[in-house]
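Single-letter residue listing:
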Amino acid sequence: KMGIIAEIGSAFVFLSRLPVPQRLFQNGFPSLNDSLWAFPVVGAVIGLIGAGIMMLASVLHIPMGVAVVFALIAMVMTTGGLHEDGLADMADGFGSHKGAEEIARIMKDSVIGSYGTIALICLFFMRWTSMSLPVLAPAPEANYTPPMRLSVCRWDSFLGCCQGILSTLGPN
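All of the points below concern the structure found in this document. (Residues numbered from 1 in each chain as written. Predicted model: local features only at pLDDT ≥ 70, side-chain atom pairs only at ≥ 80, totals over all residues. Heavy atoms only, no water.)

### Focus on a nonpolar patch on the surface
- There is a patch of nonpolar side chains on the surface, built from Val66, Val69, Phe70, Ile73, Met77, Phe125, Met126 and Trp128 and spanning about 800 Å² of accessible area.
- A total of 5 residues in the nonpolar patch trace back to one element, the largest contributor, which is helix H4 (residues 64–79).
- On the secondary structure map, Ile73 appears in helix H4.
- On the basis of relative accessible area, Ile73 is assigned to the partly exposed category, the value being 43%. (Patch = residues over 30% accessible without salt bridge, like charges linked within 9 Å, V, L, I, M, F, W, Y side chains within 5 Å. Areas by Shrake-Rupley, 256 points an atom, 1.4 Å probe, with all protein chains shown as cover. Salt bridge = Lys/Arg side-chain N within 4 Å of Asp/Glu carboxyl O. Helix = DSSP H or I, 4+ residues; strand = E, 2+ residues; numbered from the N terminus. Buried < 20%, exposed > 50% of the residue type's maximum accessible area, 1.4 Å probe, protein only.)

### Digging into the pattern of salt bridges
- In the structure shown here, the tally under the stated rule is 2 salt bridges.
- Where Arg127 meets Glu84, a salt bridge forms, and the shortest distance between an N and an O atom there is 2.5 Å. One end of the pair, Arg127, is in helix H7 (residues 114–132); the other, Glu84, is in helix H5 (residues 82–95), with 43 residues separating them in the sequence.
- When its relative accessible area of 16% is taken as the criterion, Arg127 is described as buried.

### Examining the nonpolar core
- Core analysis: the largest hydrophobic core is formed by 19 residues, its most contacted members being Val42, Met54 and Met131.
- The set of elements that each furnish at least two residues to this core consists of helix H1 (4–15), helix H3 (39–59) and H4. (Core = buried A, V, L, I, M, F, W, Y, C linked by side-chain atoms within 4.5 Å.)

### Considerations on the packing of aromatic side chains
- Tallying each qualifying case throughout the model produces 2 aromatic pairs.
- A centroid spacing of 6.1 Å and a plane angle of 20 degrees characterise the contact between Phe14 and Phe39, whose relative ring orientation is stacked. Placement of the pair is Phe14 in helix H1 and Phe39 in helix H3, with a sequence separation of 25 residues.
- Between Phe25 and Phe29, the aromatic rings sit 4.5 Å apart at their centres with planes inclined by 50 degrees, giving tilted as the arrangement.
- Sitting over the ring of Phe124, Arg127 keeps its end group 5.4 Å from the ring centre. (Phe/Tyr/Trp six-rings, centres within 6.5 Å; stacked < 30°, edge-to-face > 60°. Lys NZ or Arg CZ within 6 Å of the ring centre and 35° of its normal.)

Structure representation (structure tokens):
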């Protein structure tokens, strides 16, 4: 093990464009498997960036719909569009209705197709809608909570990998 701080740093390097001090990796760079547990931490920070944008927009009396667009832009810029690029590639590949080799070739292609475009439009519409929903708390300061919904979703990658690791162990 490299250490908790190095593992968190590794997760930030992989999942975001945020600067990470190189001194964290003096003893080497942790494997992605060792950093997997920290993915939700990165997701929470990305959600907090979106929440901060929405709180600032609320203070400036910017309409909620516009604030959500600003928050989404900030979060995509923070991640470099990693998840969005993967979704578009997957949609293009599987939307082709071709064999496995052709699907893999399409997914590696850097050009976005119609299925990828449609998938991204649907994704951002769903994100915009869920983040624009009224918050149950009555205070206007509560507008920061919708982006946190997105960060909570990062736990699925951690749980999925844990399930995969446990399944390789088999019954004892």
